[in-house]
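# A look at the structure
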Amino acid sequence: KPFIWKETAFSLLLPANDSLVLTRVPSSWPAVKGQHHWPKHYPFCGGAFQSPIDIRSELLRFDPTLQAIEVRNYNLSATEQLTLGNNGHSLQISLPSKMHISNLPHRYTAAQLHFHWGSSNRPAGSEHMVNSRQFAAEMHVVHFNSDKYPNISMAVDKSDGLAVLGVLIEVRSCGWVKWLPIFINDQRVQVPGFNIRALLPARLDEYYRYDGSLTTPPCYPSVLWTLFRNPVTISRKQLFKWYSSCAVLKMAQRLA
Ligand SMILES: [Zn+2]
């Protein structure tokens, strides 16, 4: 399959349903305890649609039918309280249902966003790779098909159930990865709303699109993946500013 790259053009498409050319990346997972047992306990794990993947430029196809992603109501006001917590393997922020993606075949309503990051001895923590390069961290904004399903629990195992926006993150100073995992399990705090759009790269018309799965068990093949081509770069200072009002951060700093 020819790789056509148009610098001025829109989006990129990974050939879906062509599992031969998609390189699944279990190599990014060893940090997850017992991961090699997943396929035994969770039949969908390790299947043809397993995410994440290594996005290799020679396997990409330009798809002129794809449009720039349109996000709606991502600019939240500070009066809206968001719940921030640690779901066990990542820092997660709940999102209000007015946030959605408007130009996919269905309306996909936002549910939560979360981060994947590395550890002090494994600083690169992104799930997806691009040409076998791993990034410092990765953010996932998880949406569910609200045209067909009443909530994310009903959508999570349906083939058209979820749409996730993935953002690769580069960190100018990588010290932050050390304290992020300190967030204590099940700890939940309220944080003021902010402009979630600012967490996405400037260009929403350059992305990799493929049909994939949840990246952790039960690995349902239910995710329409959009991984933005351009990473966002954040500094440790920015990240601290973000959570300056966050009690959890203060606790994390005490523990660090
Ligand atoms: Zn994720």
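Definitions and cut-offs
- Residues numbered from 1 in each chain as written.
- Predicted model: local features only at pLDDT ≥ 70, side-chain atom pairs only at ≥ 80, totals over all residues.
- pLDDT = per-residue confidence, 0-100.
- Helix = DSSP H or I, 4+ residues; strand = E, 2+ residues; numbered from the N terminus.
- Contact = placed C-beta atoms within 7 Å.
- Buried ≥ 20, exposed ≤ 12 C-beta atoms within 10 Å, placed from the backbone.
- Pairing = 2+ DSSP bridges.
- Core = buried A, V, L, I, M, F, W, Y, C linked by C-beta atoms within 7 Å.

Below, the discussion takes up the confidence of the model for the protein. Model confidence for the protein is summarised by a mean pLDDT of 74, while 66% of its residues fall at 70 or above. Taking the mean pLDDT of every element in the protein, the minimum, 38, falls on strand β2 (residues 23–24) and the maximum, 98, on strand β8 (residues 100–101). Ignoring residues within four places in sequence, the model shows residues 1–33, a span with pLDDT below 50, making 63 contacts including any to other chains. Across residues 174–186, where pLDDT falls below 50, the model places 28 contacts with residues more than four positions away in sequence or in other chains.

To continue, consider the pairing of strand β12 (residues 137–145). Taken residue by residue, a regular strand's side chains alternate between the two faces of the sheet. Where burial is concerned, most of β12 is hidden: nine out of the nine residues are buried. Here β12 shows no split at all, with Ala137, Met139, Val141, His143 and Asn145 on one side and Glu138, His140, Val142 and Phe144 on the other all buried. Here β12 runs beside strand β13 (residues 162–171); their pairing, made up of eight bridges, is antiparallel. Across the sheet, the residue bridging to His140 is Gly166, located in β13.

What follows deals with the nonpolar core. One finds Val141, Leu162, Val164 and Ile169 to be the most contacted residues of the largest nonpolar core, which totals 44 residues. Listing elements by their share of this core, those giving two or more residues are β3 (53–55), β9 (108–117), β12, β13, β15 (207–212) and β16 (223–228). Ranked by residues supplied to this core, first place goes to β13 with eight residues.

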